Structure formats: C-alpha cells, structure tokens
Amino acid sequence: MSFIRRSNVAHVLKHKPKKVTQPELQEVFLALCEIIRPYQKNLVVKSNTPVHYELWTNHPYRVSNLQNRGKVLGRQTKSRTGIQFAAAVLFKEWVSFYLYPLHLNPELGRDLSNQLRALFYRNSKSCMHFTTLTDELKTELRQLVEKCWNFCVEQYWVKPLE
C-alpha cells in the first residue's frame, strides 16, 4: 500500500479563489466540514481556513525502497508520520471533498448510491465535487466517512472514538 506524504490537494491550492462568488457553495463547504469535524479530536488539523479544511492521522509508519527521480535507492527505510484522512476545499464553481481511505481501499465505496457516485471527479477514487448538498447525500456521506474511519481504526492508524 503506498501513501501520499503531502497533501493530495496541495497542487490545487494555488487555484483557490480569493473571494467566493457563490454563497451557496460556502454553505456546502461548511456542511462538509461539519461531517468530518467530529473526527478532529483524534486527528491532526493540517489546514483550517475559510476555504480549506484538512485532517490527517498521526501514526508513524516505515517506507522502504525509496525512489529518487525514478531510481530505486536500495533497501533504505525511513520513518514517516501520518496520512490524509479527509479534506474539503472551496473553489469558485464547486467544493471538493477528499476521503483518502477510499483511495487506499476502494471496497469502502462499493455500496455508494448512483447519485453520490456521479459526483466523483473523472476517474478519481477519492475526490468528489459538490455544487449542492441534499439531506440524503449528507446522510450517505456521514455513513461513508464512518466506514472510512472504521477502516483506519482497523489498520491501527487512529484510536477509536470515545
């Protein structure tokens, strides 16, 4: 299983709007943040701004066979800390919602409704684009985030919620 060391939204942060032109997107962003906020007490908040909210685990893990510009450096190992759990980013025309455990274990998203499945960005496994958020989608997202959380608990990346 390969992990991303840095934010998987880092490449798009420079494209975030300075001013949000659609106030309904701000409401969608806040609703998505509220879905993942209950998990923040067991995670690290890497970003908490009016347009970007990101949660990471804080577990240590070892990486071996490090690569440097395509060349394997041998049997070296290094310690890393944390992987992204979830993120919400407000853009000019949509709100992106990232659930990284979906990328690591696609089986978590096997039972998604067609309505939610249609929101995935292109062929992405873990990024969804929202322009509106209905109560049905909120309920399904809460269940999906809980599944992802339970997956992380099973992998011993986080401690169970109290």
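Caption draft 1: Layout of the overall build of the protein chain. A tally of helices and strands in the protein chain yields 4 helices and 9 strands. Along the chain direction, N to C, the helices and strands of the protein chain fall in the order α-β-β-β-β-β-β-β-β-α-α-β-α. Counting every position in the protein chain, which comprises 162 residues, the buried fraction comes to 44%. In the structure as shown, the protein chain presents an accessible area of about 9,900 Å², 48% of it carried by carbon and sulfur atoms.

Caption draft 2: Spotlight on the environment of V28. Along the chain, the position of V28 falls in helix 1 (residues 23-36). With a relative accessible area of 7%, V28 lands in the buried category. Along the backbone, V28 and T132 are 104 residues apart, and their C-alpha atoms lie at a distance of 6.3 Å. Among all residues touching V28, those that are not within four sequence positions of it are V95, F130, T131, T132 and L133.

Caption draft 3: Molecular detail of the packing of aromatic side chains. Within this structure, the stated rule accounts for 6 aromatic pairs. Between F85 and W149, the aromatic rings sit 5.6 Å apart at their centres with planes inclined by 90°, giving edge-to-face as the arrangement. Here F85, found in strand 7 (residues 84-90), pairs with W149, found in helix 4 (residues 135-154); they are 64 residues apart in sequence, far enough to count as distant. Each member of the pair, F85 as well as W149, is classed as buried. Both rings, one in F97 and one in F130, keep their centres 6.5 Å apart while their planes meet at 75°; by these two values the pair is edge-to-face. In this pair, F97 is assigned in strand 8 (residues 95-99) and F130 in strand 9 (residues 127-130), connecting sequence segments 33 residues apart. F130 matches F97 in its accessibility class, with the two residues each being buried. Members of the aromatic cluster, joined through ring pairs, are Y39, F85 and W149.

What counts, and where the lines are drawn
- Residues numbered from 1 in each chain as written.
- Predicted model: local features only at pLDDT ≥ 70, side-chain atom pairs only at ≥ 80, totals over all residues.
- Heavy atoms only, no water.
- Helix = DSSP H or I, 4+ residues; strand = E, 2+ residues; numbered from the N terminus.
- Buried < 20%, exposed > 50% of the residue type's maximum accessible area, 1.4 Å probe, protein only.
- Areas by Shrake-Rupley, 256 points an atom, 1.4 Å probe, with all protein chains shown as cover.
- Contact = heavy atoms within 4.5 Å.
- Phe/Tyr/Trp six-rings, centres within 6.5 Å; stacked < 30°, edge-to-face > 60°.

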